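Residue-level structural notes
Listed here are the chains, written in short residue letters.
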Amino acid sequence: MSKVLVLGGGFAGVEAAIYLKKQELDVTLVSDRDYFYIYPTSIWIPTGEATKEDVSVPLDKLAFAHGFELIVDPVTSFEAKEKKVILQSGRVLDEYEYIVVALGQDKIQMKGMEHTLSICGKPEEATELYKRLDALVLKDSGKIAMGFGGNPKDSSAVRGGPAFEVLFNVHTFLKRKGIRDNFELTFFAPMEKPGQKMGDKALVMMDKMFGMTNIKKKVGSKITSFEADGINFEDGTKIESDLTMFISAGTGHSILIESGLPLSDAGFVVTNEYNEIEGFEGIYAIGDSASLMGPEWRAKQGHVAEVMAKNVAYNIAMKVQNIDSKYSYMEHLNILCVMDTGDGAAFVYRSNKGGKMIPMPIVGHWMKKGWGWYCRNSKLGKIPRIPGM
Ligand SMILES: Cc1cc2nc3c(=O)[nH]c(=O)nc-3n(C[C@H](O)[C@H](O)[C@H](O)COP(=O)(O)OP(=O)(O)OC[C@H]3O[C@@H](n4cnc5c(N)ncnc54)[C@H](O)[C@@H]3O)c2cc1C
């Protein structure tokens, strides 16, 4: 039986392992953490509406449910030409015919970033955000700034949605406590039109939402540094902040720099639309690790990572049987998210036909909660998968 090694246990890696097993291949997944982390629902951790455990699914349970092998041991080196992977324990994995790279991405480092926390970083940072917000609530007042950065080399690696979500959730949380007026909330981003990917209508609506929630906005000037008490901008201004959440844009995973794989300027693995890598037969890159092709508004998202994973499972199975049939991810490119505000949400959809943002008061919040429940239980095989989800 052909042996497949999946590197990474996130949206892309877990989905690949599940679907490769459905193709009756011999599958091993390697992860640095022992759990799959559902990033989209981690946005409720800072306000205490969810805990890290609520948004984590143990990888051993997923491995047991689907029958793949699991190794929890960080990858420290990957020599792609030799198909050789070295783990932190010193263990060498070099007997795999196929390797699926699904290690996610790293974040661009900026001056003073140690003074910030990110909802898109290590899962522990979300819990730290909860503790820091709680301390400000106990003080009964404070200045909170949340925003995201850009990547001039790859706009698909810019992640802004969760910054909006956490900020609106913090607003709702403070309002419910009756102390919102004691807090100054500010959104910041270096670009002129943050959120532009969602389309022009969405931008107008975001501005309305900032107005309605009394959230200040600072955009259009480069961030020069972060300090313990705020954020400095190129135009000489400073936002004062007791708690700064900053989502730095993504860059390629550090392990892949020395792998020998072809990388884009931003460090992502260059693949074709079938996630194959030219000159590296049997190696595939999927999810955030891969350089995403497509229109300017494209974005690295979980559902695209899952499409790539399912395609690669199919493409490998076909290759094993010498059948000339492959699936491409290109026709599945869109931006799809339910942007939560703590008391409702907005449905965001962007395709080549343009963007839509539809307000969904109250019900949107519960829809997103429902998706989190579905994601966990369908991955564990406890409930059937809804086609396309
Ligand atoms: C807060 C937040 C909200 C989001 N909301 C949405 C949304 O609403 N809709 C949507 O479609 N997308 C959303 N996304 C984007 C989505 O979560 C990502 O696109 C998705 O997680 C990408 O999957 P991945 O498997 O490529 O990367 P990841 O999920 O980051 O997984 C990478 C995995 O590799 C592992 N790994 C890393 N380094 C090593 C190593 N050295 N050795 C072994 N293992 C390693 C990590 O532990 C991790 O499990 C959101 C992202 C964030 C952060």
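Everything numeric here is computed off the predicted structure, so don't read it as measured data. (Residues numbered from 1 in each chain as written. Predicted model: local features only at pLDDT ≥ 70, side-chain atom pairs only at ≥ 80, totals over all residues. Heavy atoms only, no water.)

So, on to the domain arrangement of the protein. When the domains of the protein are assigned, the result is domain 1 (3–105 + 252–333 + 369–379) and domain 2 (108–249). At the boundary of domain 1 with domain 2, total buried surface from both sides reaches about 2,000 Å², with 55% on carbon and sulfur atoms. Taken as a group, Ile 43, Pro 46 and Thr 47 account for 31% of the area that domain 1 buries against domain 2, more than any other trio of residues on that side. If you look at where domain 1 meets domain 2, you find 3 salt bridges. Ionic pairing is found between Arg 159 and Asp 288, a salt bridge with its closest N-O pair at 3.2 Å. (Domains from an automatic or database assignment. Buried area = accessible area lost by both parts, 1.4 Å probe. Salt bridge = Lys/Arg side-chain N within 4 Å of Asp/Glu carboxyl O.)

Contacts to the ligand come from 31 residues, most closely from Ala 12, Asp 32, Val 75, His 253 and Asp 288. Here a nitrogen atom of the ligand sits 2.9 Å away from a polar atom, N or O, in the main chain of Val 75. In isolation the ligand exposes 990 Å². Once the protein is present, 91% of that is buried. Secondary structure elements with two or more residues in the shell around the ligand: helix 1 (11–22), helix 7 (302–320) and strand 20 (335–340). The greatest single-element share of the shell around the ligand, amounting to 3 residues, is contributed by helix 7. The class makeup of the residues in the shell around the ligand is 14 nonpolar, 11 polar and 6 charged. Built from parts of two domains, the shell around the ligand gets at least three residues from each of domain 1 (3–105 + 252–333 + 369–379) and domain 2 (108–249). (Near = heavy atom within 4 Å. Polar contact = N/O pair within 3.5 Å; in protein donor to acceptor, adjacent residues only side chain to side chain. Areas by Shrake-Rupley, 256 points an atom, 1.4 Å probe, with all protein chains shown as cover. Helix = DSSP H or I, 4+ residues; strand = E, 2+ residues; numbered from the N terminus. Nonpolar A, V, L, I, M, F, W, Y, C, P; charged D, E, K, R; others polar.)

The subject of this paragraph is the environment of Ser 31. Within the fold, Ser 31 resides in strand 2 (residues 26–31). Residue classification places Ser 31 among the buried positions, given a relative accessible area of 4%. When the C-alpha atoms of Ser 31 and Ser 325 are compared, they prove to be 30 Å apart, with 294 residues separating the residues in sequence. With near-sequence residues (within four places) excluded, Ser 31 lies in contact with Gly 9, Leu 59, Ile 71, Val 72, Asp 73 and Pro 74. (Buried < 20%, exposed > 50% of the residue type's maximum accessible area, 1.4 Å probe, protein only. Contact = heavy atoms within 4.5 Å.)

With that settled, the discussion passes to the sheet that holds strand 14 (residues 223–227). Read from one edge of the open sheet, 3 strands run 14-15-16, paired in antiparallel fashion. Where the open sheet ends on each side, the last strands, each with one partner, are strand 14 and strand 16 (238–240). Sheet twist, expressed as the average angle between the axes of neighbouring strands with direction ignored, equals 15°. As judged from the 4 bridges shared by strand 14 and strand 15 (residues 230–233), these two strands associate in the antiparallel manner. By the bridge assignment for strand 15, Ile 223 is matched with Phe 233. (Pairing = 2+ DSSP bridges. Axes fitted to C-alpha atoms, helices over the stretch in contact; angles between N-to-C directions.)

We now examine the pairing of strand 9 (residues 98–101). Here strand 9 shows a buried face lined by Tyr 98 and Val 100 and a second buried face lined by Ile 99 and Val 101. As defined by bridge partners, strand 1 (residues 3–7) adjoins strand 9 across 4 bridges and the pair is classed as parallel. Pairing of Leu 5 across the sheet is with Ile 99, part of strand 9. Here strand 9 runs beside strand 19 (residues 283–285); their pairing, made up of 3 bridges, is parallel.

Once their charged atoms are close, side chains differing in charge can pair, the charge on each being opposite to the other. If you walk through the whole model with that rule in mind, you get 17 salt bridges. Glu 15 is paired through a salt bridge with Lys 379; the nearest N and O atoms lie 3.1 Å apart. With Glu 15 in helix 1 and Lys 379 in helix 8 (residues 363–379), the pair connects residues that are 364 residues apart, well separated along the chain. Residues Glu 15 and Lys 379 agree in their burial class; the two are buried. Of the charged contacts in the structure, one is a salt bridge between Asp 154 and Arg 298, with a shortest N-O distance of 3.3 Å. One end of the pair, Asp 154, is in the loop between strand 11 (142–148) and helix 4 (161–177); the other, Arg 298, is in the loop between strand 19 and helix 7, and 144 residues separate them in sequence. With respect to class, Asp 154 is no different from Arg 298; both count as buried.

In this structure, Asn 275 sits in the loop between helix 6 (254–257) and strand 19. A polar side-chain atom of Asn 275 sits 2.9 Å from the main-chain carbonyl oxygen of Ala 285.

Enumeration over the complete set of coordinates arrives at 14 aromatic pairs. Ring centres of Phe 11 and Phe 36 lie 5.1 Å apart, and the angle between their planes is 80°; this geometry places the pair in the edge-to-face category. Of this pair, Phe 11 sits in helix 1 while Phe 36 is found in strand 3 (residues 35–37), placing the two residues 25 residues apart along the sequence. Taken together, a centroid distance of 6.1 Å and an interplanar angle of 50° make the contact between Phe 164 and Phe 210 tilted. Remark: Phe 210 occurs in helix 5 (residues 200–213) and Phe 164 occurs in helix 4; sequence separation between them is 46 residues. Phe 210 sits in the buried class, given a relative accessible area of 5%. A connected cluster of aromatic rings, assembled from ring pairs, spans Phe 148, Phe 164, Phe 168, Phe 187 and Phe 210. Looking at Lys 22, its charged tip hangs above the ring of Tyr 19, at a distance of 5.2 Å from the centre. Looking at Lys 369, its charged tip hangs above the ring of Trp 44, at a distance of 4.5 Å from the centre. (Phe/Tyr/Trp six-rings, centres within 6.5 Å; stacked < 30°, edge-to-face > 60°. Lys NZ or Arg CZ within 6 Å of the ring centre and 35° of its normal.)

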